[in-house]
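Examination of the molecular architecture
Here are the chains, one letter per residue:
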Amino acid sequence: MKKAYFLLTILIGLAITLAVGRAILQNTLSTSGIFVSEAEKEISLYKTQNAILSEKLLAASSLTNILEKARKIGFTDEKSLMVIKTSGSLAVRP
Amino acid sequence: MKWRYPFVFAILVFLFGLIISRLFYWQVVKAEMLTELAQSQYNDLKKITPKRGEIKTSDGFSIVANKVSYLLYANPKQVKNQNQMIQAFSSLLEIEKASVSAQLTLDKVWVPIKSGIDAEKKEEIEKMELPGVGFEERYARFYPEASIAAHLVGFVGRNEAGEDKGYVGIEAFYDRLLKGKEGYSAELKDALGRPIIAERTLVASGLDGNNLILGLDRSIQFLAEQKLKEGVERYGATGGMVGIMEPKTGNIIAMASAPTFSPEKYWEYDESLYTNPFITSTYEPGSTFKPMVMASALDAGLITPLTKCNICDGPAIVSGYDLHTWNDKYYKDTNMIEVIQHSDNIGMVFVAQKLGVDRMISYLTKFGIGELTGIDLQGEIAPSLKPRSAWYAVDLATTGFGQGISVTPIELLSAFSVFANEGKLLQPRVVTAFESPDGEVHEIPVKVKGTPISEKTAKVMTEILANAVEKGEAKWAQLKGYRIAGKTGTASIPVKGHYDPNKTIASFIGFAPVDNPKFIMLVILDKPTTSIYAADTAAPLFFSIARDLLNYYNVPPSE
């Protein structure tokens, strides 16, 4: 009789523990959804910022922009080319 | 007393019946509708829009990228001060007050105000803290080099379903590869609208588009566009084209056309400007076609460079038609080297007659004339060669000097590259590789289409063309110290069965350096007015670009 009573107590205790455990777990999970959502929002924000910065970088390194800036600071096109040939000697012996 | 029990029992049964029938109505009859309603309340289905692939030049620079843009929308029911909002939007976003007002008076909870807003404008609007206003993030095409290579890359517009779609050029040809695949994710929310992590599911996974890597050299493209613009203005032409290819790979390293359009604001331009004339316009190539005919006769062993022309002492009469040279000068017993040097039409009639119709058709087909080159751009056309039965003696004669036959610029560039590539004909290509979203690069192999002429013939023809540059009509414009093989072409424009004497298509095609060609280039000017001749217009423009290209490739002068 005592044994049966003991087993019943364990079973009821186990059922209560599992029920409480599940409630705690579900509570934790349901609230962490908010954190995950916030983290995702942050990732999305960084992605957007990354895209905006890439756009700025591309615009700044475009040839159109470089040419415009080079003209402003005084660079001009080289009209005559000078070629230094490596095959000839620098000075001919007398 | 006895009747009371059955009476109460009957009432209870009736009430239970009512409840059961009502439950049956909601849970069985209306089950589907209620399920949808419940799902719409707690299930948030999100569309994952794939990022369209970028288009990069050979140096890895994205000439077509994606930028973040925003769609501004409003909820008219939450707007408190309509006048303030109309005033703010119309001045800040440069839109009509009437258009904002019309949207805000609609009996809806979501109305679009303006799309394509950049991040700075978005911030300015957010600072105003206007109630009932929101933004939807989107990606739009961004062109860091503005309208560079517009005809080549094409543009992205919207189809009937409102989805992004590539039109003309690379954007159209590689649309499926660029656009990627849409995905969907569902998020379960609680009664307060907070997301529940355990129930988050990915309904369908999406995939970003592939990046395309072109053989296009950004610096050369930039240079070609600038020089073409200057050339069109200087020679009073209505338009022009420049195509530059790497002979050993078939890679298009630059392709420019004028007039052009801006892919970012394509709707502001006439639709006729969208097509790439380098692959869609046909014209009679004139003298630039002579090398193909001459090389065919040389390859067939019908002539040698020193063969003398025995009909070159005056105009030729073929089937009753008088055929003249371009300047009415005639050279008795001239040889084949001089025929190309003087761009002698009668000399080419001699060569064409030696070749005959069958061999002419056979060789031109081997050179790819009359067929699509297979370039990876949308919209390429190729006028077919006439059927054998439609070739008359005069057709054979005029084809010898490039009249009475039509080609596209890309067809000519591709055929001419055979001389610079040991007799091999390659398929021209724009995209050399594509990069999948995981960063893996897939190379596209070079395709050899055939060998129209032998390596020896190609070398002989190259020397004949180098001589033409050195001693021909355009010798005044040539670059000192460099050996360039090339040919001028002044093609008359057929109008109502005749050729217009004052309107021409001036062109120059050539490659350099002769010993190890780095590039082959075709320059075309449409109806130049300062002079109708290519030697005075297209040739100097060609040499001006060639000079900068040789410098860019670090090729020193040989003399």
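Residues numbered from 1 in each chain as written. Chains lettered and ligands numbered in written order. Predicted model: local features only at pLDDT ≥ 70, side-chain atom pairs only at ≥ 80, totals over all residues.

This part is about the overall build of chain A. When its secondary structure is counted, chain A shows two helices and zero strands. Evaluated residue by residue, chain A yields a buried proportion of 4% over its 94 residues. (Helix = DSSP H or I, 4+ residues; strand = E, 2+ residues; numbered from the N terminus. Buried ≥ 20, exposed ≤ 12 C-beta atoms within 10 Å, placed from the backbone.)

As a further point, take the overall build of chain B. Secondary structure assignment for chain B yields 17 helices and 21 strands. At 34 Å, chain B has a C-alpha radius of gyration far larger than the 24 Å of a compact globule built from 559 residues. Overall size of chain B, expressed as C-alpha extent along the three principal axes, is 140 × 55 × 45 Å. Considering chain B as a whole, with its 559 residues, one finds that 43% of them fall into the buried category. Sequence-distant contacts in chain B: of pairs separated by 6 or more residues, those separated by 24 or more amount to 72%. (Rg over C-alpha atoms; globule rule 2.2 N^0.38 Å. Contact = placed C-beta atoms within 7 Å.)

Moving on, we come to helix H16 (residues 455-471) of chain B. Residues and elements named next belong to chain B. The first and last C-alpha atoms of H16 sit 24 Å apart over 17 residues, in line with the 24 Å expected at 1.5 Å per residue. Taken together, the buried positions of H16 are occupied by Thr457, Ala458, Val460, Met461, Thr462, Ile464, Leu465, Ala466, Ala468 and Val469. In the core, the buried residues of H16 are packed alongside helix H11 (290-299), helix H12 (336-341), helix H15 (409-420), strand E19 (485-495) and strand E20 (498-512). (Expected span 1.5 Å × (residues − 1).)

Residue and element names in this part refer to chain B. Counted at 1.5 Å a residue, the expected span for helix H17 (residues 538-552) with its 15 residues is 21 Å, and the 21 Å between its end C-alpha atoms agrees. In this fold, the buried residues of H17 make contact with helix H9 (218-234), strand E11 (239-245), E19, E20 and strand E21 (519-526). Among the residues trailing H17, asparagine 554 stands out with phi positive, at a value near 60°.

All names here are of chain B. Spatial ordering of the open sheet is given by E12-E11-E21-E20-E19, a layout of five strands whose pairing is antiparallel. The two strands at the open ends of the sheet, each matched to only one other strand, are strand E12 (252-258) and E19. Across this sheet, the average inter-strand angle for adjacent strands is 10°, counted without regard to direction. By the bridge criterion, six bridges tie E11 to E12 in an arrangement that is antiparallel. Across the sheet, residue methionine 241 finds its bridge partner in E12, namely serine 257. Each of E11, E12 and E21 is contacted by H9, which is oriented at about 30° to E12, the strand it contacts most. Where H15 meets the sheet, its contacts fall on E11, E19, E20 and E21, and the angle it forms with E21 comes to roughly 145°. (Pairing = 2+ DSSP bridges. Axes fitted to C-alpha atoms, helices over the stretch in contact; angles between N-to-C directions.)

All names here are of chain B. As a packed pair, helix H13 (residues 345-366) and helix H14 (residues 393-400) sit with axes 8 Å apart at the nearest point and diverge in direction by 120°. For the element pair H13 / H14, the angle class is oblique. Remark: the crossing between H13 and H14 carries right-handed chirality. Contacts between H13 and H14 involve Met348, Val349, Val351, Ala352, Gln353, Val357 and Met360 on the former and, on the latter, Leu396, Ala397, Thr399 and Gly400. Of the residues that constitute the contact of H13 with H14, the class distribution is eight nonpolar, three polar and no charged. (Parallel < 35°, antiparallel > 145°, perpendicular 65-115°, else oblique. Left-handed = near helix turned anticlockwise from the far one by under 90°. Nonpolar A, V, L, I, M, F, W, Y, C, P; charged D, E, K, R; others polar.)

Right, let's talk about the nonpolar core for a bit. Residues and elements named next belong to chain B. In terms of nonpolar packing, the biggest core is built from 129 residues, with Ile170, Val242, Met521, Ala538 and Phe542 touching the most fellow members. The element best represented in this core is H13, accounting for 11 residues. Apart from residues no more than four positions distant in its own chain, phenylalanine 542 is found in contact with Gly486, Phe508, Gly510, Met521 and Val523. Counting 10 residues, the second-largest nonpolar core is a separate cluster that includes Tyr70, Leu72, Phe89 and Leu104. (Core = buried A, V, L, I, M, F, W, Y, C linked by C-beta atoms within 7 Å.)

The next point concerns unusual backbone geometry. All names here are of chain B. Between alanine 258 and proline 259 the backbone carries a cis peptide bond, its omega angle lying at 0°. Secondary-structure assignment places proline 259 in the loop between E12 and helix H10 (277-280). Following alanine 512, the chain continues into proline 513 via a peptide bond in cis, with omega recorded as -15°. Position of proline 513 relative to the elements: it lies in the loop between E20 and E21. For serine 343, which is not a glycine, the phi torsion comes out positive at approximately 50°.

To continue, consider the environment of isoleucine 405 of chain B. Residue and element names in this part refer to chain B. Residue placement: isoleucine 405 occurs in the loop between H14 and H15. Taking the C-beta count within 10 Å as the criterion, isoleucine 405 has 23 such neighbours and is therefore assigned buried. Sequence spacing of isoleucine 405 and proline 285 is 120 residues, and the spatial spacing of their C-alpha atoms is 7.6 Å. Aside from chain neighbours lying at most four places away, what touches isoleucine 405 is Glu284, Phe289 and Thr399.

Right, let's get into the confidence of the model for chain B. The predicted coordinates should not be examined in detail at positions where pLDDT is low. Averaged over chain B, the pLDDT score is 90; the fraction of residues at 70 or greater is 95%. The ipTM for the predicted assembly is 0.75, set against a pTM of 0.83. (pLDDT = per-residue confidence, 0-100.)

Residues and elements named next belong to chain B. With respect to the element layout, asparagine 83 can be found in helix H3 (residues 82-93). With 10 C-beta atoms counted inside 10 Å, the residue asparagine 83 sits in the exposed group. Put simply, asparagine 83 and proline 501 are 418 residues apart on the chain and 65 Å apart in space, counted from C-alpha to C-alpha.

Residues and elements named next belong to chain B. At a minimum axis separation of 9 Å, H11 and H13 run at an interaxial angle of 85°. As summarised for this structure, H11 and H13 are arranged roughly perpendicular, according to the angle between their axes. Residues Lys290, Met292, Val293, Met294, Ser296 and Ala297 of H11 lie in contact with H13, whose contacting residues are Met348, Val351, Ala352, Lys354, Leu355, Arg359, Tyr363 and Leu364. Split by residue class, the contact of H11 with H13 holds 10 nonpolar, one polar and three charged.

Here the focus is the pairing of strand E3 (residues 62-74) of chain B. Residue and element names in this part refer to chain B. Taken across its 13 residues, E3 has 11 buried, putting it largely inside the fold. Alignment of strand E2 (residues 55-56) against E3, held across two bridges, turns out to be antiparallel. When the sheet's bridge partners are listed, isoleucine 55 is paired in E3 with valine 64. The turn joining E2 and E3, which pair antiparallel and follow one another in sequence, is formed by five residues; a positive phi near 85° is taken by glycine 60. Across 10 bridges, the pairing between E3 and strand E5 (residues 133-142) is antiparallel. Within E5, the position partnered with alanine 74 by the bridge is valine 133. Across four bridges, E3 lies against strand E4 (residues 111-117) in antiparallel orientation. The residue of E4 that forms the bridge with tyrosine 70 is isoleucine 117.

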